[in-house]
Amino acid sequence: MNSDRYIDMDSKLRRTIYNNCTCFNKNQIMHTVDFIKKSDGEDSYRRRLTRQVSMHTLNGFNELRLNVKLCDASLILDNGDTFPIHRSVLSGSSDYFRILFTTTLHEGDYTKINLKSIESTTMEFILQYIYMRQIDINYDNVMDIMRTADYLCIDGLVQLCHEFVVECLGPDNCVTILQFADYYYFGALTSAAYKYIIKEFMTIAEQGDELMKLRQEEFKLIIENNQLNVKREEFVWDVVLKWVDRDPERRKNDLLFLLPKIRFGLMDSKYFIENVKDHHYIQNRDDCRPYIIETLKFMYDLQLTPSVADSIAPTLARPRYPFEVLFAIGGWSGGSPTAVIETYDTKSDRWTRIFEEDTHGPRAYHGTIVMGHYIYIIGGFDGLEYFNSCRKFNAVTKVWEEVAPMNCKRCYVSVVLLNGIIYAMGGFDGHHRLGSAEKYDFERNQWTMIAPMTSQRSDACAAVMNGRIYITGGFNGQECMNTAETYNADTNEWTLIPPMQTRRSGVSCITYHNCLYVIGGFNGLVRMNSSEKFDPTTNHWSPVVDMCNPRSNFAVEVLDDMIFVAGGFNGVTTIAQVEFEAKNMQVYRSALSACVMKDLPNVEYYMPLDRDRLEEGRKTIVRNNRPNNNDDTERVDNESVNTVATQVNNNQIINIDDDDDY
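Residues numbered from 1 in each chain as written. Predicted model: local features only at pLDDT ≥ 70, side-chain atom pairs only at ≥ 80, totals over all residues. Heavy atoms only, no water.

A.B. asks: Please explain the overall build of the protein chain as it appears in this structure.
C.D. replies: On a plain count of helices and strands, the protein chain comes out with 16 helices and 28 strands. Put simply, the protein chain has 662 residues, and 50% of those count as buried. In the protein chain, of all internal contacts separated by at least 6 residues, the share reaching a separation of at least 24 is 60%. Carbon and sulfur atoms make up 47% of the accessible area of the protein chain, which amounts to about 31,200 Å² in all. (Helix = DSSP H or I, 4+ residues; strand = E, 2+ residues; numbered from the N terminus. Buried < 20%, exposed > 50% of the residue type's maximum accessible area, 1.4 Å probe, protein only. Contact = heavy atoms within 4.5 Å. Areas by Shrake-Rupley, 256 points an atom, 1.4 Å probe, with all protein chains shown as cover.)

Here it is as structure tokens:
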């Protein structure tokens, strides 16, 4: 194996991994200590010691090998290097050697073993692992070690290398690792590399040329995947063109196999006509013509034919699964709390009702935090009781569990996640507005009080920015507040920042593009649709564009690099409206909480069953495929309709003549 192609990696990937041991003194023995409670329920414990491998013994065997003592066989490499070994030691770690040394198919003792295509340094590393259970692995040597360990059937070492390579996956080596794993039939590593590329497709394409190494079959598998993480289908086409440009003479013929995997029906019609249909790789090619015609017909029917609204989208227009899923949980609806859970699919612009509601009942004015595949529900109110209880929902297994309760009951609570710790601040306990705050340690399942805020606050909102917690607005029991403060977790101190321009209770805030956005709320007189942002570099608040609807006690999240707000109370009733340009929720509610989960392995479960229907396809295709908020977004839909209609007429799509050029 030529390892030169694998050594131009970041030096930060280099590190030493030790398997099954750390650093031991020569005569030290490793023990595992387990404390097991007696079955009779007493508080006394018995101590059990499980003896592991003695490092003294391991060192002894290795010294015998290095000094060629008691060795009963030799490994001989292609270059003539010889490694004296002990057959019993190698047989204990390698099925290859165990079968080789114990088989009865050859006569006499099998003491000289010729090994092909193995480097001397790699062999020494493997013997070090077998004899000492430790090995120095870095990106330069891991692939040689992994393929050799696989050849010699040393499963533990193969798994160790697999874990290391998965950790090393990055935008500059993912295709190299994919092709290595595929060549040597490392199925799990191949799957991990594909999953990484599908998840980070846009980042990989933007940061380098790694995707240009893909073979046609590999590229096809990636771009046809329903979970390919791209915001706009136009991006897929741009990457395909860049791939073809790398070797046009050969790859322009491969384009025919990639075209069916690109979802042209999700593209903006004007972009398709100007950048796909008329591209020089496509023009005058009879083999590509059917895909262009099918797309033009679909776009024409979508925009001008009402009957298409109830049909199933063709493959070229079926939305991919989103990488991020928005969860809207609980709230206040119809005069009472609710446990309703809905998820939002940005790709199909639809909400889905999830029926795995918390069996402990509804809650409103609570907080939600995502950690891994768990959603933590914190505090709240059920119409009768103010909660200090906390629940967690496993989005993979769809099971609810109880976690440790907070020290204080907190309704109208503000929550954030900072450095792997949940912080819960302020709120209302049924008697007093709270200025206290506490934090939750996942590993210990324990809440601990931290320094109180400078003011009592309920119905405030908090967010994390630049490693600090910011909490804004709220109600102190007497008035709606315009003050804001920040918390330094390192010093356990709260510090006031300049006040907002407007008093806001029932407010929502979110970090977006390195600024703190504060949205809506109640100023003591009316519900507001105004917003403002705080720039920490200038220490200054400034107004931003208003929402379409006034609201307080609503949910806010960043999804697909856009701020979404959902539900709330408009001063008259609870609402279900969602902004930015999204379909309304199914349930009207305020006092809800929202969170975003990424990279769910069972994302299909949280998607609408009818997401492939074109019932609302017109709006979705336009909204999800516009470029960033620039002048192009202002063009009217009629322009696209007219453009497609012109192409339909020019190409005589309804009665195609195979001899016509287009």
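The rest of the description comes next.
A.B. asks: Would you take a moment to explain the environment of Arg468 for this structure?
C.D. replies: The topology assignment puts Arg468 in strand E18 (residues 468–472). The exposure class assigned to Arg468 is partly exposed, which follows from its relative accessible area of 25%. Expressed as a C-alpha distance, the spacing of Arg468 and Asp490, which sit 22 residues apart in the sequence, is 9.4 Å. Sequence-distant contacts of Arg468, defined by excluding residues within four places in its chain, comprise Ala463, Thr486, Tyr487, Asn488 and Thr495.

A.B. asks: Mind showing me how you'd approach the nonpolar core here?
C.D. replies: Generally speaking, soluble globular proteins have nonpolar side chains that are buried together. Ranked by internal contacts, the top residues of the largest apolar core, which has 95 residues, are Leu75, Met123, Leu157, Phe201, Leu211 and Trp237. Not counting chain neighbours up to four residues away, the residues in contact with Trp237 comprise Leu255, Leu259, Ile262, Phe264, Met267, Tyr271, Asn275, Val276, His279 and Ile282. (Core = buried A, V, L, I, M, F, W, Y, C linked by side-chain atoms within 4.5 Å.)

A.B. asks: Even after reading the chapter, I still don't get the pattern of salt bridges, so can you show me in this structure?
C.D. replies: Opposite charge on two side chains allows them to pair when their charged atoms are near. What the rule picks out here adds up to 29 salt bridges. For the salt bridge of Lys261 with Glu224, the shortest nitrogen-to-oxygen distance reads 3.1 Å. You can see Lys261 sitting in the loop between helix H12 (248–258) and helix H13 (269–277) and its partner Glu224 sitting in the loop between helix H10 (216–223) and helix H11 (233–246), a full 37 residues away along the chain. Residue Lys261 is classed as partly exposed on the basis of its relative accessible area, which comes to 26%. Classification of Glu224 by relative accessible area gives partly exposed; the value is 30%. A salt bridge links Lys277 to Asp278, with the nearest nitrogen and oxygen atoms 3.3 Å apart. Accessibility expressed as a relative area gives 36% for Asp278, which makes it partly exposed. (Salt bridge = Lys/Arg side-chain N within 4 Å of Asp/Glu carboxyl O.)

A.B. asks: Quick question: what am I supposed to make of the sheet that holds strand E27 (residues 578–579) here?
C.D. replies: Note on sheets: strands pair through backbone hydrogen bonds, and any given pair is parallel or antiparallel. Read from one edge to the other, the open sheet built from three strands follows the order E25-E26-E27, with strand pairing classed as antiparallel. This sheet does not close on itself; its edge strands, each paired only once, are strand E25 (555–559) and E27. Bridging between strand E26 (residues 562–566) and E27 involves two bridges; their strand directions are antiparallel. Within E27, the residue paired with Ala566 across the bridge is Val578. (Pairing = 2+ DSSP bridges.)

A.B. asks: Would you mind showing me how to read the pairing of strand E23 (residues 527–535) here?
C.D. replies: Both strand E22 (residues 515–522) and E23 contribute to a ladder of six bridges, which runs antiparallel. Across the sheet, residue Gly521 finds its bridge partner in E23, namely Met528. Remark: four residues form the turn of the hairpin made by E22 and E23, two consecutive strands paired antiparallel; Gly524 in that turn has positive phi of roughly 100°. Note that E23 and strand E24 (residues 540–544) share five bridges and pair antiparallel. Bridge pairing in E24 links Lys533 to Ser542.

A.B. asks: Just to check I follow, could you spell out the pairing of strand E15 (residues 437–441) for this structure?
C.D. replies: Each regular strand shows side chains that alternate between the opposite faces of the sheet. Relative to E15, strand E14 (residues 421–425) is paired through five bridges, and the arrangement is antiparallel. Paired with Met425 across the strands is Ala437, a residue of E15. Hairpin connection of E15 to strand E16 (residues 446–450): four residues between the antiparallel strands, including Asn445 at a positive phi of 50°.

A.B. asks: Before we go on, may I ask you to explain the environment of Leu326 in this structure?
C.D. replies: In this structure, Leu326 sits in strand E6 (residues 324–333). On the basis of relative accessible area, Leu326 is assigned to the buried category, the value being 3%. Sequence separation of Leu326 and Val596 is 270 residues, and the distance between their C-alpha atoms is 4.6 Å. The contact partners of Leu326, leaving out residues within four places of it in the chain, are Glu342, Thr343, Tyr344, Trp351, Glu557, Leu559, Ala594, Cys595 and Val596.

A.B. asks: Sorry, what's going on with the packing of helix H8 (residues 187–199) against H10 here?
C.D. replies: In a pair of packed helices, the angle between the axes and the distance between the axes together describe the arrangement. The interhelical angle for the contact between H8 and H10, taken along N-to-C directions, is 60°, at an axis separation of 10 Å. The angle between H8 and H10 falls in the class oblique. By crossing handedness, the relation of H8 to H10 is classed as right-handed. Contact with H8, carried on its side by Tyr194, Ile197 and Ile198, involves Glu218, Leu221 and Ile222 of H10 and no other residues of that element. Class assignment of the residues belonging to the contact of H8 with H10 gives a composition of five nonpolar, no polar and one charged. (Axes fitted to C-alpha atoms, helices over the stretch in contact; angles between N-to-C directions. Parallel < 35°, antiparallel > 145°, perpendicular 65-115°, else oblique. Left-handed = near helix turned anticlockwise from the far one by under 90°. Nonpolar A, V, L, I, M, F, W, Y, C, P; charged D, E, K, R; others polar.)

A.B. asks: Would you mind showing me how to read empty space enclosed by the protein here?
C.D. replies: Rolled over the atoms, a probe sized like a water molecule indicates the empty space that remains. Tallying each qualifying case throughout the model produces three cavities of 30 Å³ or more. Along the walls of the second largest cavity sit Ile329, Gly330, Thr338, Ala339, Ile341, Asp358, Gly361, Pro362, Arg363, His366, Ile377 and Trp400, which together make up its complete lining. Elements supplying a minimum of two residues to the lining of the second largest cavity: E6 and strand E7 (336–345). No other element matches E7, which puts three residues into the lining of the second largest cavity. In terms of residue class, the lining of the second largest cavity is made up of six nonpolar, four polar and two charged. (1 Å grid on protein atoms, 1.4 Å probe; cavity = no way out; pocket = protein on both sides within 12 Å on 5 of 7 lines; lining within 4 Å. Points joined across faces, edges and corners; volume = space filled by probe spheres on them.)

A.B. asks: I tried to follow the packing of helix H6 (residues 155–168) against H8 on my own but got confused; where do I start?
C.D. replies: Here H6 crosses H8 at 10°, and the two axes come no closer than 10 Å. By the criterion of interaxial angle, the relationship of H6 to H8 is roughly parallel. Listed contacts from H8 to His162, Val165 and Val166 of H6 are Ala188, Leu189 and Ala192. Here the residues of the contact of H6 with H8 sort into five nonpolar, one polar and no charged.

A.B. asks: What am I meant to see in the sheet that holds strand E20 (residues 493–497) here?
C.D. replies: The strand order E17-E18-E19-E20 describes an open sheet built from four strands, whose pairing is antiparallel. Edge positions in the open sheet fall to strand E17 (461–465) and E20, since each of these has one partner strand only. Each neighbouring strand pair of the sheet contributes to a mean axis angle of 25°, computed without reference to strand direction. Note that strand E19 (residues 484–488) and E20 share five bridges and pair antiparallel. Within the sheet, the bridge partner assigned to Asn488 lies in E20 and is Glu493.

Honestly, that's just the spatial picture; any functional story needs more than this.
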